[in-house]
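Below, each chain spelled out in residue letters.
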Amino acid sequence: MGHIALFGGTFNPIHNGHVAMIKHLTTLPSIEKIIVMPTGLPPHKQVSVLASDADRLAMCRLAVAPFSGVTVSDLEIARQGFSYTVDTLHQLKQCFKNDTFSVIIGGDMLLTLNSWYRFNEWKHECGFLAFDRKGLDDGRLQKKAAELTADGVRVTLLKVDLPDCASSTIREALLSGRLATAYLPRAVEEYIREKHLYQ
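By convention here, each chain's residues receive numbers from 1 onward along its written sequence. Per-residue local features of the predicted model are confined to residues with pLDDT of at least 70, and side-chain atom pairs are confined, for both listing and counting, to 80 or more; whole-chain, interface and lining totals are unaffected and use all residues. Values shown for side chains rest on all heavy atoms present in the structure; no hydrogens or waters enter the calculation.

**A word on the overall build of the chain**
Right, on to step 1. Counting its regular elements, the chain contains nine helices and six strands.
Right, on to step 2. Looking at the chain residue by residue over its 199 residues, the buried ones come to 47%.
Right, on to step 3. Long-range pairs, those at least 24 residues apart, make up 78% of the contacts in the chain between residues at least 6 apart in sequence.
Right, on to step 4. Once the 22 positive and 21 negative side-chain charges of the chain are each reduced to a mean point, those two points are 0 Å apart. Runs of E in the DSSP output that reach at least two residues are strands. Runs of H or I that reach at least four are helices, and both are numbered from the N terminus. Exposure classes here rest on a 1.4 Å probe applied to the protein chains alone. A residue is buried below 20% of its type maximum, exposed above 50%, and partly exposed in between. Any two residues whose heavy atoms approach within 4.5 Å are treated as being in contact. Positive residues here are Lys and Arg, negative ones are Asp and Glu, while His and the chain termini are left out of the count. Charge placement uses NZ in Lys and CZ in Arg. For Asp and Glu, CG and CD serve respectively.

The following block contains the structure:
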């Protein structure tokens with residue numbers, strides 16, 4: 001039996017903050033495999049400029065190439081429609097029947113976890129690894145983690161010094177012709193430049 005970490009997101013584009021999270025996860029002995037999964041249609045956010053499914057998958061594969069035990073999945077993209085974690089989790093459990101799962105989230109998402117689609121139906125089927133982010137109230141995070149734990153939800157807070165990156169800021173910079181070297185893995189930046197993405 002292994003432990004798989006599921007890292008979903010729009011990855012529009014994947015950036016150094018995401019990569020730093022993945023790098024930290026690879027150091028945790030409890031995690032045997034990491035699945036990076038770009039969403040199809042994100043139900044919780046509206047994105048005005050969304051790179052194609054193929055481009056987001058390609059950028060993710062370039063970004064995780066240096067790490068062993070990390071794969072990129074097109075499961076949600078291939079499924080089409082809105083991407084809900086409950087559906088993804090149930091599909092993955094059909095493929096990895098003897099493994100346990102943790103879902104990777106940012107601390108801001110931990111605060112709204114109860115509002116996730118059908119959360120009460122699957123909240124005990126996996127764990128949650130929540131990365132603290134700059135600007136978040138640690139007291140609120142600790143309180144929310146305690147509430148969820150009391151409800152039987154497995155929550156682990158990870159306090160890691162992550163680069164201050166946001167995909168929306170990167171898209172805005174690229175759209176205005178500015179470089180985003182400080183925010184993107186080199187291979188991803190080169191891909192964006194070659195494909196003329198976000199311009």
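**Observations regarding the environment of V103**
Right, on to step 1. Mapped onto the fold, V103 is located in strand β4 (residues 100-106).
Right, on to step 2. We classify V103 as buried; its relative accessible area is 5%.
Right, on to step 3. Residues V103 and L6, spaced 97 residues apart in sequence, show a C-alpha to C-alpha distance of 4.9 Å.
Right, on to step 4. Setting aside residues no more than four positions away along its own chain, V103 makes contact with L6, T85, C126, G127, F128 and L129.

**What to know about the sheet that holds strand β1 (residues 3-9)**
Right, on to step 1. When DSSP finds two or more bridges between two strands, those strands count as paired. The strand order across the open sheet formed by six strands is β3-β2-β1-β4-β5-β6, and the pairing between neighbours is parallel. Looking at the sheet topology across the chains shown, the edges are occupied by β3 (70-72) and β6 (154-158). Averaged over all pairs of adjacent strands, the angle between their axes in this sheet comes to 25°, without regard to strand direction.
Right, on to step 2. Looking at chain direction, strand β5 (residues 127-131) and β6 are connected through five bridges and run parallel. From the neighbouring strand, A130 faces β6, where its bridge partner is L157. Axis lines are fitted to C-alpha atoms, over the contacting stretch for helices. Their N-to-C directions set the angle, which ranges from 0 to 180 degrees.

**Here's the deal with helix α8 (residues 167-175)**
Right, on to step 1. Every buried residue of α8 is listed here: S167, I170, R171, A173 and L174. Viewed end-on, α8 has its buried residues packed into an arc of 160°, placing them on one side of the element. Opposite the packed face of α8, turned more than 90 degrees from it, sit the exposed residues E172 and L175.
Right, on to step 2. Those residues of α8 that are buried are in contact with α1 (16-26) and α9 (186-195). By arc we mean the arc of the directions from the helix axis to the C-beta atoms, nothing more.

**So, the confidence of the model for the chain**
Right, on to step 1. Confidence of the predictor at the level of single residues is given by pLDDT, which spans 0 to 100. Mean pLDDT over the chain: 92, with 95% of residues reaching 70 or higher.
Right, on to step 2. Looking at the elements of the chain, mean pLDDT is at its lowest for α8, recorded as 90, and at its highest for β3, recorded as 98.

**Some details on the nonpolar core**
Right, on to step 1. Grouped together as the largest cluster of nonpolar side chains are 35 residues, with contacts concentrated most on L25, V36, M59, I104 and I192.
Right, on to step 2. At the level of elements, β1, α1, β2 (33-38), α2 (53-64), β3, β5, α8 and α9 are the ones that each hand at least two residues to this core.
Right, on to step 3. Of the residues forming this core, the biggest block, five residues, is contributed by α2.
Right, on to step 4. If near-sequence neighbours (up to four positions away) are discounted, L25 is found in contact with I31, I34, I104, L129, F131 and L158.
Right, on to step 5. Of all hydrophobic cores here, the second largest spans 24 residues; its members include L6, M37, L89 and A145. Buried Ala, Val, Leu, Ile, Met, Phe, Trp, Tyr and Cys residues form a nonpolar core when they are joined through side-chain atoms within 4.5 Å.

**Some remarks on the side chain of D132**
Right, on to step 1. Within the secondary structure, D132 is located in the loop between β5 and α7 (138-150).
Right, on to step 2. For D132, the side chain forms a polar contact with the side chain of K159, separated by 2.7 Å.
Right, on to step 3. Once residues lying within four places of it in the same chain are set aside, the contact partners of D132 are D138, L141, L158, K159, V160 and L162. By the criterion applied in these results, polar contacts are pairs of N or O atoms within 3.5 Å in which, for protein atoms, one can donate a hydrogen and the other can accept it, and in which residues neighboring in sequence qualify only through two side-chain atoms.

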